[in-house]
Amino acid sequence: MDKCKICKTQTKPVISFGKMPIANGFISSLNADEFFYDLKVLFCPNCFMVQLGQIPRPEMMFGETYAYISSTSSAMADHFKQQADEIIRLVSKRKDPFVVELGCNDGIMLKHIAEKGINHLGIEPANNVADLAKKTGVRVLTEFFDQKSAQKIARAHGPADVICASNTLLSIENLNSAFEGFNILLRDNGLLFFEDPYLFDIVSLSSFDQIYDEHIYYFSGHSVRELAKRHGMKLVKMNHQDVHGGSMCYYIKKGTAGRPSAQVAKWLKKEKGLKLDRITGYKRFKRNVDNICRNLKNTLKKIKSGNNQIVGYGATSKSTTLLNYTRIGPKTIDYISDNTPTKIGKFTPGMHIPIKAHSQFTKDSPPFTVLFAWNHKKEIFQKEKDYRKKGGKFITYFPKVTIE
Ligand code: TMP
């Protein structure tokens, strides 16, 4: 019963969102079959890992037609260029370095490594995005990463100097196997460098929409340090990033030598301040989530009662949790504008809100727009300066419902 996926200790419940469809399961027709599962979050009091209870099979989430394409945001493109620069710096003193990226998506980061002529390999299970990466000149292996594939890659390409992953490790259910794979594939002085949404930000902002099927784990310095230790590795550095509503970049060395940087102690202390190492820290999170949902529903109801059009901005995976938990659907939100070609013309999972091209948003200039892509607020406010100047209002909801 709900044992920790990492250390098998009995977990404690954090929050339950009820029946959920697949977050990226945008449907082409309203008659399409949809798969629902129980979305609930658990906390392990032993290794501090915050994790999902039930997980849909990976093939249900990342198949032929995975909808998320990294390069739709220019801010993310800039972010990954900087990340590539950091990786190039990390390997700069090494002879013929080999860089492996797990979940390279459309090559948004790895193409910069490839451009520098650095030996590299992307590992990407979703065929459609892997094909996009190949077009940018990136070498890609289309499969899931585990101990077996690590052995295969090590045999074919030799040991890796750096293994990196962004928004990927959180989706690998068998993390113990992945870490064993890192130990196999990394050179003795090799480094694992990974970035994922940061639990501290999720709890401080109450940004519960980060919780969905693809995000099996919600990492903190506490849980990552334990996980690394379990596999004979060491967390040596943490570097906070402003992307995806607050992310953390973890640097993990193979072996147990070396001292962690002062940043690690700083973040661990901050996490303790929020009580993320105890179940009590998550009680307030649940209360805050329910308050936000109530306020958002009331705000939209009031606007709608004045006969105002409300649309959404960004058919994000995140919004699947928000929309299905609050039961906000097409009676409230006419449509969601999105710039991803593969999403336009489809309907959101579960609540079935139509997704339309951005040109429709520009044409309608609706009085109220719910910013589902809230993590891209800076970029979108910049892009939609005219809309706001003309009186258009954006509604955001973390850490509280705001109309601006
Ligand atoms: P993400 O939050 O998972 O990055 O998804 C953002 C979604 O929002 C993605 O479907 C693309 C969409 N989007 C727009 O439609 N316009 C924009 O300007 C940005 C930045 C994102």
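Only a predicted model underlies this, so the values are computations on that prediction, with no experimental measurement involved.

Engineer: How do you make sense of the site of the ligand when you look at a structure like this?
Structural biologist: Contacts to the ligand come from 17 residues, most closely from Lys318, Asp338, Lys343, His376 and Lys383. In the environment of the ligand, an oxygen atom lies 2.7 Å from a nitrogen or oxygen atom belonging to the side chain of lysine 343. Taking histidine 376, its side chain carries an N or O atom lying 2.8 Å from an oxygen atom of the ligand. Considering the ligand on its own, with 480 Å² of exposed area, one finds that the protein chains cover 97% of that surface. In the shell around the ligand, the residues fall into 5 nonpolar, 8 polar and 4 charged.

Engineer: Sorry if this is basic, but what is going on with the sheet that holds strand β9 (residues 217–218) here?
Structural biologist: Strand pairs in the sheet, formed through backbone hydrogen bonds, run parallel or antiparallel to each other. Pairing is antiparallel across the open sheet formed by 4 strands, whose spatial order is β1-β2-β3-β9. Among the strands making up the open sheet, the edge pair consists of β1 (12–21) and β9. Note that strand β2 (residues 36–43) and strand β3 (residues 50–52) share 3 bridges and pair antiparallel. Note on β3: the bridge partner recorded for leucine 42 is glutamine 51. Contacting β1 and β2, helix α11 (residues 318–326) crosses the sheet at an angle of about 85° to β1.

Engineer: Please clarify how the packing of helix α6 (residues 175–185) against helix α8 (residues 221–230) should be interpreted in this entry.
Structural biologist: Running from amino to carboxyl end, α6 crosses α8 at an angle of 60°, the nearest separation of the two axes being 10 Å. It follows from the interaxial angle that α6 and α8 lie oblique. With respect to the hand of their crossing, α6 and α8 are arranged in right-handed fashion. Between α6 and α8, the residues in contact are Leu175, Asn176 and Phe179 and Leu227, Ala228 and Arg230, respectively. Classifying every residue of the contact of α6 with α8 gives 4 nonpolar, 1 polar and 1 charged.

Quick notes on the rules
Residues numbered from 1 in each chain as written. Predicted model: local features only at pLDDT ≥ 70, side-chain atom pairs only at ≥ 80, totals over all residues. Heavy atoms only, no water. Near = heavy atom within 4 Å. Polar contact = N/O pair within 3.5 Å; in protein donor to acceptor, adjacent residues only side chain to side chain. Areas by Shrake-Rupley, 256 points an atom, 1.4 Å probe, with all protein chains shown as cover. Nonpolar A, V, L, I, M, F, W, Y, C, P; charged D, E, K, R; others polar. Pairing = 2+ DSSP bridges. Helix = DSSP H or I, 4+ residues; strand = E, 2+ residues; numbered from the N terminus. Contact = heavy atoms within 4.5 Å. Axes fitted to C-alpha atoms, helices over the stretch in contact; angles between N-to-C directions. Parallel < 35°, antiparallel > 145°, perpendicular 65-115°, else oblique. Left-handed = near helix turned anticlockwise from the far one by under 90°.

Nothing here speaks to function; it is geometry throughout.
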